[in-house]
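The primary structure of each chain is shown beneath.
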2 protein chains.
Amino acid sequence: MSAAFPGAGAESKADLVHRQLKEEIELGELAPGTPLSELWLVERTGASRTPVREALRRLAAEGLVDLVPRQGARVSRVSLQSVRDLFDFRSLLEPAAIRQATEAAATDAELRRVFTAMRSEFARTVRRAPSQARSRAFYELADRFDWAVIGATRNEHLRRTIAELRPHTARLRNLSHVDPRRVEVSVAEHLRMCDALLAGEADEAATAMAEHLTQSLATIFRNLARAPADGLDLLG
Amino acid sequence: MSAAFPGAGAESKADLVHRQLKEEIELGELAPGTPLSELWLVERTGASRTPVREALRRLAAEGLVDLVPRQGARVSRVSLQSVRDLFDFRSLLEPAAIRQATEAAATDAELRRVFTAMRSEFARTVRRAPSQARSRAFYELADRFDWAVIGATRNEHLRRTIAELRPHTARLRNLSHVDPRRVEVSVAEHLRMCDALLAGEADEAATAMAEHLTQSLATIFRNLARAPADGLDLLG
DNA sequence: CCTCGAGCTGTTGTATACAACTTGTATACA
DNA sequence: TGTATACAAGTTGTATACAACAGCTCGAGG
């Protein structure tokens, strides 16, 4: 019983290429602006042009690839303005999402269990000595937190839209350099969100999320001013 | 010089099929649930399977088509829950958008001119005697208003997301029956939005938009309860 | 009467050949 | 020297053939 529902067992080649490329773009292995010729991707992935094209089109719809007709695809560029836009938009969506998650948790014991466990993990993280490993562990945990919030979001459109923004955020993190001191503060922000969510205080949770995003953006900009990052266009 | 920027002059067959299908779905000519076999679309449009597939994939990304792997595409279904989700999401996005538009108009004379002209048109509409023609004219005008707001939205993500929701809203209007009395009220709501926007009162504009959306949803549900609409699943 | 399975039919997934276009280069000319 | 033009290489857009899979009918067996 490997397939839970029809068509779930098999991953099409288009899915495969899409997933691979998405991952590489997210990790920054394919830098912004990198040309993605269909033929090159055919050689690289072993698939034929048809699934490669489909993957590129899908990535373009997600904003990870810029597609110019009759000219080809490139990994989408990242400008200062696009970073601002991304975080402004997240500041609109994610407070609303955590508000819905808070309301959902009020009547869903399993959800409360998940967030309680996460709260413990965040608390453990903050007691560890600063290190590369701790930073990695924290961001992995923060990712799981974000996905949990997304999963608890009732509104289909809201859920899908936030999910689509995540690769952009992840890429930004992998393109810029991590500030170890940021981890301390960010853990505190996540603890605050967990507490509010578990206490059923939707407004407080939303506020905490908004401030968390504001702080994240500020940190990114501060670090960018200091260390003019690798794959970023600083035009905007 | 018909092409303002590279690749703008020619519309690919994929673009064509996409646009045609989108329009037919929006108008309700292709009812929710209608199967969209690739071969059938090939016969219908004259294009080959490759562009047809691309169009279907794009429509699926926009949520207008449901795509089941190895099984095919259908025009996406509309449930009561999906209508609620749509309007809840719009209530989150569009007040923010009109807020940005209001701020933009404060420093953009051309934008003010556009909205002033629209205000006049709305005022003219309200003085006409109720009729089918007036309803059509009003909705066409309301559409232009929405697009103007979208166009004045600074945030790229916000703009794209709202634009992507519009076909869903339009389809809903074309699937259900128009209530002539709603026009009266809706015109007033649009006048209020125009006034606030032109006066530079962003909060008032946002509030007006939020209430407008609330009223729209309420009307749709009221009419649906009375006249169980044609192409809608009433499961949710 | 019901269940199960083989085979058929029609569908989507994939590969590939061909057409149309864009860009860069080399050459001719003012 | 600068400019325009024709050619060539490489790219994407499109059509189509083939492969793999899902659903169905129909008959055999219990």
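As shown above, the structure is provided for reference.
Residues numbered from 1 in each chain as written. Chains lettered and ligands numbered in written order. Predicted model: local features only at pLDDT ≥ 70, side-chain atom pairs only at ≥ 80, totals over all residues. Heavy atoms only, no water.

Novice: Before we go on, may I ask you to explain the environment of R192 of chain B in this structure?
Specialist: Residue and element names in this part refer to chain B. Tracing the backbone shows R192 in helix α8 (residues 180-199). Among the residues examined, R192 registers a relative accessible area of 29% and is labelled partly exposed. Taking C-alpha positions, R192 is 9.2 Å from R119, a pair spaced 73 residues apart along the chain. Non-local contacts of R192, meaning those with residues more than four positions away in its chain, are made with E204, T207, A208 and E211. (Helix = DSSP H or I, 4+ residues; strand = E, 2+ residues; numbered from the N terminus. Buried < 20%, exposed > 50% of the residue type's maximum accessible area, 1.4 Å probe, protein only. Contact = heavy atoms within 4.5 Å.)

Novice: I keep staring at the environment of L191 of chain A and nothing clicks. Help me out?
Specialist: All names here are of chain A. When you line up the elements, L191 lands in helix α8 (residues 180-199). For L191, a relative accessible area of 16% translates into the label buried. Counting along the chain gives 148 residues from L191 to E43, while the straight-line C-alpha distance between them is 47 Å. For L191, the contacting residues outside a window of four places in its chain are R119, F122 and A123.

Novice: How should the pattern of salt bridges be read in this particular structure?
Specialist: Close approach of charged atoms allows side chains of opposite charge to pair. Applying the stated criterion to the full structure yields 48 salt bridges over all chains. Its salt-bridge partner being E211 of chain A, residue R192 of chain A comes within 2.9 Å of it at the nearest N-O pair. Taken as a pair, R192 of chain A in helix α8 and E211 of chain A in helix α9 (residues 202-226) lie far apart in primary sequence, 19 residues in all. Here E211 of chain A falls in the partly exposed class, since its relative accessible area comes to 41%. We note a salt bridge from R90 of chain B to E94 of chain B, for which the minimum N-O separation is 2.7 Å. Of this pair, R90 of chain B and E94 of chain B both sit in helix α4 (residues 80-105), four residues apart, which is roughly one turn of that helix. Residue R90 of chain B shares its accessibility class with E94 of chain B, and that shared class is buried. When salt bridges with common partners are traced through the structure, they connect D15, E54 and R58 of chain A together with E38, R49, R53 and R57 of chain B into a single cluster. (Salt bridge = Lys/Arg side-chain N within 4 Å of Asp/Glu carboxyl O.)

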